[in-house]
There are 2 protein chains.
Amino acid sequence: MNSLLGKTNPSSLALIPVLFFFQFYTPAWGESKADELMERANQVFGRLPPVIASEKNSVTPEKVKLGKILFYEVRISVDGTVSCSRCHPFSLYAADGLRKSIGNRCIVNSRNAPTILNAAAQISEHWIGNRTDVEDQARQSVVGPPSFGMSAPEEVEKKLKEIKGYGSLFKEAFPDDKDPVTVDNLAKAVGAFERTLVTPSPFDAFLAGNQNAIAEQEKKGLRAFMEVGCATCHSGAYVGGQIFQKFGLIEPYWKYTKSEAIDEGRFALTKNESDRYVFKVPVLRNVAKTPPYFHDGSMDDLETAEWIMGKAQLGKDLSKEELGDIKAFLESLTGRIPEDALKLPLVPSME
Amino acid sequence: MNSLLGKTNPSSLALIPVLFFFQFYTPAWGESKADELMERANQVFGRLPPVIASEKNSVTPEKVKLGKILFYEVRISVDGTVSCSRCHPFSLYAADGLRKSIGNRCIVNSRNAPTILNAAAQISEHWIGNRTDVEDQARQSVVGPPSFGMSAPEEVEKKLKEIKGYGSLFKEAFPDDKDPVTVDNLAKAVGAFERTLVTPSPFDAFLAGNQNAIAEQEKKGLRAFMEVGCATCHSGAYVGGQIFQKFGLIEPYWKYTKSEAIDEGRFALTKNESDRYVFKVPVLRNVAKTPPYFHDGSMDDLETAEWIMGKAQLGKDLSKEELGDIKAFLESLTGRIPEDALKLPLVPSME
């Protein structure tokens with residue numbers, strides 16, 4: 001305005017009312033646009049609960065306490081090196097940074113380890129949904145060959161009973177059980193702990209009404225995320241995790257990823273032709289902190305992963321700008337790990 | 001006294017003055033005996049410092065912060081699974097519970113992993129003293145084949161530089177260095193963190209003057225520990241860690257241990273005949289929490305380990321009572337891990 005008025009040119013002075021009009025109008029228009037974005041985002045995503053409740057497994061402080069201790073227990077694995085924390089260290093946002101996880105005796109697992117943060121809210125666990133819930137995931141990890149490698153629940157229970165301190169901890173967590181030291185209760189305790197792993201982020205503050213909680217580029221990215229089509233699958237409070245979808249709706253995924261082999265996805269589980277190359281849509285909360293990406297961890301770079309999703313799922317060649325904006329939005333999903341989960345427990349001693 | 005007086009027998013009444021004498025005398029005698037034990041214990045052991053200082057590596061908050069983060073860094077290991085925390089998880093009192101540690105690509109290490117709690121105070125690190133200090137131990141772990149398995153310092157530095165957030169953390173910890181992201185600085189940072197890992201225990205409260213800090217059996221065990229001869233080697237504030245000694249002074253150790261092979265100890269390093277079967281005398285702080293025992297982790301049970309030490313080192317067949325008392329004393333060495341060390345850090349992300 002200063003430079004304009006400085007010119008004192010009658011013809012430009014005639015513009016002043018128009019400029020003033022825009023000056024008053026613009027913020028109002030911007031605000032309504034911003035409110036509309038917030039409203040739409042609330043419809044598409046929605047709010048996080050404080051704890052991910054379960055009808056089958058109530059989240060009690062005693063179970064959570066035991067579950068957190070068991071999360072670090074290596075002595076119930078066949079070679080004494082595997083705990084839940086091995087593939088889900090909180091220092092790396094509860095993923096392990098590997099393309100594919102490495103379990104007991106250096107067994108390479110078949111797929112990338114997803115973070116367990118917010119994982120309890122999913123339709124099912126693991127990439128092809130072959131674990132019904134976090135409790136099932138914990139149980140199958142302990143007795144399954146690739147991770148803990150124990151041959152039978154009884155073997156795990158024997159080891160647990162050898163570690164004296166667990167008796168009272170299980171009893172406190174499962175007071176109605178006569179013989180509470182069981183793998184099923186281990187799974188319930190670890191599951192209860194995982195149900196507390198909800199990670200509110202700046203995006204949630206935005207959803208709750210704080211326009212300043214996320215920056216302009218993050219809002220642009222959020223808008224693009226919804227308009228381009230990402231949010232069709234990555235929706236709900238967890239920005240994913242609620243449905244299964246074919247990876248490669250438009251073109252085969254391996255055309256773009258650096259996959260070493262073709263994974264048939266959920267077909268391996270169901271043998272339904274319609275499940276070929278179908279995977280669970282992953283939760284995108286904390287995605288910026290949990291590379292590498294995809295079921296086989298074949299991609300290190302987030303923007304490239306976004307571009308591949310655009311090509312293979314939506315048939316769109318996302319621009320550099322869109323990729324940057326969407327990445328900024330995804331970074332606003334990096335949340336706060338519950339403080340208590342970041343406090344290391346001491347596991348009971350043998351005597 | 002009541003039953004005695006109830007009898008009103010003149011001959012027993014004559015005993016009353018004698019009994020009263022003992023009643024008054026006993027506590028005074030007990031106290032002086034207790035004070036003498038406390039005094040002797042202070043001479044043999046001595047007080048813990050708040051931090052284990054080093055002339056070569058000052059312990060600054062910035063180094064400690066970086067060191068704690070690096071302690072959980074798996075991405076600088078050759079297979080992405082090894083961090084310091086793998087063999088020294090705080091949940092198990094910074095030892096791993098294995099007979100011999102398992103490093104990258106499932107390499108079985110040659111000896112049991114000692115706890116790193118209080119370890120910085122030792123004459124040198126590892127069982128045969130082939131690491132000069134905690135900084136050297138950290139450095140050699142990262143570039144050595146058995147643990148992290150990286151081929152050269154440059155390879156580690158390359159990986160560190162790929163993880164963006166480390167640049168500023170190293171700069172803050174080593175402000176005078178032009179290119180601070182080096183393995184030597186990694187070693188200094190991890191070393192500085194380890195120098196804070198001092199674990200005061202009930203025994204220290206006793207040494208400081210609180211007679212009630214440890215129970216009677218623990219005092220009996222302390223007395224036995226000094227009188228039997230254990231404290232000849234396991235002395236100083238850390239109850240060990242200050243000298244090397246032959247394992248099997250009286251009889252070959254493998255006569256009693258469940259060792260699968262004979263380890264020549266420090267001889268492997270020095271090739272001096274006098275170093276055959278010589279090992280560093282381990283720190284006994286937190287020993288009750290860090291089974292299995294001995295350089296090869298061949299013994300699970302603490303009392304049996306004590307008995308073997310008696311036989312092989314002192315030529316004594318310790319009684320069941322002495323073993324129990326000494327174990328009670330050793331349990332009083334279980335200390336408090338610094339609270340800050342138990343708070344998990346988040347490691348920097350790749351971008």
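All values reported here derive from a predicted model rather than from experimental measurement.

## With respect to the relation of the copies chain A and chain B
- Between chain A and chain B, the superposition needs a rotation of 180° and an axial shift of 0.0 Å, giving an RMSD of 0.0 Å. Considering both components of the superposition, the chain copies are consistent with a two-fold axis. Rotation axis and chain A: the residue whose C-alpha lies nearest the axis is K343(A), separated from it by 2.3 Å.
- Comparing interface residues between copies, 100% of those in chain A also sit at the interface in chain B, which points to an isologous, same-surface contact.

## A few points about the interface of chain A and chain B
- Counting residues at the interface gives 32 residues for chain A and 32 residues for chain B.
- Summed over both partners, the interface of chain A with chain B comes to about 2,500 Å²; 64% of that surface belongs to carbon and sulfur atoms.
- On the chain A side of the contact with chain B, S91(A), L344(A) and L346(A) bury the most area, a combined 24% of that side's loss.
- Applying the counting rule to chain A against chain B returns zero salt bridges.
- Seen at the junction of chain A and chain B, the total is six residue pairs in polar contact (both at pLDDT 80 or more).
- Tallied by class, the residues present in the side of chain A that touches chain B amount to 18 nonpolar, four polar and 10 charged.

## As for the confidence of the model for chain A
All names here are of chain A.
- Averaged over every residue, the pLDDT of chain A is 92; the share at 70 or more is 91%.
- Counting interchain partners and residues more than four positions distant, the pLDDT-below-50 stretch residues 1-28 has seven contacts.
- The ipTM for the predicted assembly is 0.87, set against a pTM of 0.89.

## Description of empty space enclosed by the protein
- Within this structure, the stated rule accounts for one cavity of 30 Å³ or more.
- Estimated volume of the largest cavity: approximately 530 Å³.
- If you trace the largest cavity, you find 31 residues lining it, with S83(A), S85(A), R86(A), S85(B) and R86(B) closest to the centre.
- Elements represented by at least two residues in the lining of the largest cavity include exactly α5 (84-87) of chain A together with α5 (84-87) of chain B.
- Counted by class, the lining of the largest cavity contains 17 nonpolar, 10 polar and four charged residues.

## Some words on the side chain of D296(A)
- Its place among the elements puts D296(A) in the loop between β2 (278-280) and α14 (302-314).
- Looking at D296(A), its side chain comes within polar contact range of the side chain of S298(A), at 2.8 Å.

## Some details on the packing of helix α11 (residues 216-228) of chain A against helix α15 (residues 320-331) of chain A
All names here are of chain A.
- Axis separation between α11 and α15 bottoms out at 7 Å; the angle between their running directions is 105°. As the angle between them shows, α11 and α15 are arranged roughly perpendicular. Residue-level inspection shows Q217, E218, K220, G221, L222, A224, F225 and V228 of α11 in contact with α15, the latter providing E321, E322, G324, D325, I326, A328, F329 and L330.
- Grouping the constituent residues of the contact of α11 with α15 by class yields eight nonpolar, three polar and five charged.

## Describing the side chain of R195(A)
- Looking at where R195(A) falls in the secondary structure, it is placed in the loop between α9 (183-194) and α10 (202-207).
- Apart from the residues lying within four places of it in its own chain, the contact partners of R195(A) are V51(A), I52(A), A53(A), S54(A), N57(A), V59(A), A120(A), D133(A), V134(A) and E135(A).

## Brief notes about the environment of G229(B)
All names here are of chain B.
- Within the secondary structure layout, G229 lies in the loop between α11 (216-228) and α12 (230-233).
- On the basis of relative accessibility, which here comes to 12%, the residue G229 falls in the buried class.
- Contact partners of G229, with chain neighbours within four places excluded, come to A224 and L314.

## Digging into the state of the cysteines
- What the rule picks out here adds up to one disulfide over all chains.
- The thiol of C230(A) is unpaired, and the distance to the nearest cysteine sulfur, on C233(A), comes to 9.4 Å.

## Brief notes about helix α15 (residues 320-331) of chain B
- The terminal C-alpha atoms of α15(B) lie 16 Å apart, and with 12 residues this matches the ideal 16 Å at 1.5 Å per residue to within 8%.
- Where the residues of α15(B) are buried, they touch α10 (202-207), α11, α12 and α14 (302-314) of chain B.

## Focus on the packing of aromatic side chains
- Summed over all chains, the structure comprises 36 aromatic pairs over all chains.
- Residues Y253(A) and W254(A) carry aromatic rings whose centres are separated by 5.0 Å and whose planes lie at 80° to one another, so their mutual orientation is edge-to-face.
- Note on Y253(A): relative accessible area 0%, which makes it buried.
- Overall, the relative accessible area of 31% leaves W254(A) in the partly exposed class.
- Cluster of aromatic residues (ring-pair linked, three or more members): F247(A), Y253(A), W254(A), Y277(A), F279(A) and F294(A).
- Its guanidinium or amino end placed over the ring of F267(B), R276(B) lies 4.0 Å from that ring's centre, counting from NZ or CZ.

## Quick notes on the pattern of salt bridges
- For the structure on display, the rule yields 34 salt bridges over all chains.
- Across the pair R75(A) and E73(A) runs a salt bridge whose closest N-O atoms are separated by 2.9 Å.
- For K161(B), the salt bridge goes to D179(B), with nearest N and O atoms at 3.6 Å. Separated by 18 residues along the polypeptide, K161(B) in helix α7 (residues 153-162) and D179(B) in the loop between α8 (166-173) and α9 (183-194) bring together distant segments of the chain.
- Look at K161(B) and you get partly exposed, because its relative accessible area is 44%.
- Through salt bridges that share partners, K220(A), E321(A) and D325(A) make up one connected network.

## Some words on the environment of S298(A)
Residue and element names in this part refer to chain A.
- Within the secondary structure, S298 sits in the loop between β2 and α14.
- Given the relative accessible area of 9%, S298 is considered buried.
- Put simply, S298 and P180 are 118 residues apart on the chain and 42 Å apart in space, counted from C-alpha to C-alpha.
- Aside from chain neighbours lying at most four places away, what touches S298 is R99, T257, K258, S259 and Y293.

## Regarding unusual backbone geometry
- In this model, P291(A) is joined to P292(A) through a cis peptide bond whose omega is -5°.
- Within the element layout of this structure, P292(A) appears in the loop between β2 and α14.
- The phi torsion at V239(B) lies on the positive side, around 55°, for a residue other than glycine.
- Position of V239(B) relative to the elements: it lies in the loop between α12 and β1 (244-246).
- In this structure V239(B) comes out as buried when scored by relative accessible area, which is 0%.
- Not every positive phi belongs to a glycine, and N286(B) is a case in point at roughly 65°.
- According to the relative accessible area criterion, N286(B) is buried, its value standing at 0%.

Reading guide: rules and limits
Residue positions within a chain follow its written sequence, with the count starting from 1. Numbering of ligands from 1 and lettering of chains from A proceed in the order in which they are written. Whole-chain, interface and lining totals are the exception, using all residues; otherwise, since this is a predicted model, local features are given only for residues with pLDDT of at least 70 and side-chain atom pairs are given and counted only at 80 or more. Values shown for side chains rest on all heavy atoms present in the structure; no hydrogens or waters enter the calculation. Here the copies are matched by least squares. The fit uses the C-alpha atoms of residues with pLDDT of at least 70 in both. We call two residues in contact whenever any of their non-hydrogen atoms come within 4.5 Å of each other. Put simply, buried area is the surface a 1.4 Å probe can reach on two separate parts but cannot reach once they are joined, added for both. Take a side-chain nitrogen of Lys or Arg and a carboxyl oxygen of Asp or Glu: if they are within 4 Å of each other, that pair is a salt bridge. Here a polar contact means two N or O atoms within 3.5 Å. Within protein one must be a hydrogen donor candidate and the other an acceptor candidate, and residues neighboring in sequence count only if both atoms are side-chain atoms. Just so you know the grouping, Ala, Val, Leu, Ile, Met, Phe, Trp, Tyr, Cys and Pro go in nonpolar, Asp, Glu, Lys and Arg go in charged, and all remaining residues, Gly too, go in polar. Scored from 0 to 100, pLDDT reflects the predictor's confidence in each residue. Throughout, the protein atoms alone are placed on a 1 Å grid, and a set of points is a cavity if a 1.4 Å probe fits but cannot get out or a pocket if it is open with protein on both sides within 12 Å along at least five of seven lines; lining residues have an atom within 4 Å of a point. Grid points are joined across faces, edges and corners, and a volume is the space filled by probe spheres set on the points. Every helix listed is a DSSP run of H or I at least four residues long, and every strand listed is a run of E at least two residues long, numbered separately from the N terminus. Lines fitted to C-alpha atoms define the axes, with helix axes restricted to the stretch in contact, and inter-axis angles between N-to-C directions lie between 0 and 180 degrees. Each angle is binned into one of four classes, with values under 35 degrees roughly parallel, values over 145 roughly antiparallel, values of 65 to 115 roughly perpendicular, and all other values oblique. With a 1.4 Å probe rolled over the protein chains alone, any residue whose accessible area is under 20% of its type maximum counts as buried; one over 50% counts as exposed, and the rest are partly exposed. Disulfides are defined as pairs of cysteine sulfur atoms found within 2.5 Å of each other. Expected span of a helix, by definition, is 1.5 Å for each gap between consecutive residues, and there is one gap fewer than residues. Put simply, two rings from Phe, Tyr or Trp (the six-membered ring, in Trp's case) pair if the centres are within 6.5 Å, and we call them stacked under 30 degrees between planes, edge-to-face over 60, tilted for the rest. Sitting over a ring, as applied to charges here, requires NZ of Lys or CZ of Arg to be within 6 Å of the ring centre and within 35 degrees of the ring normal.

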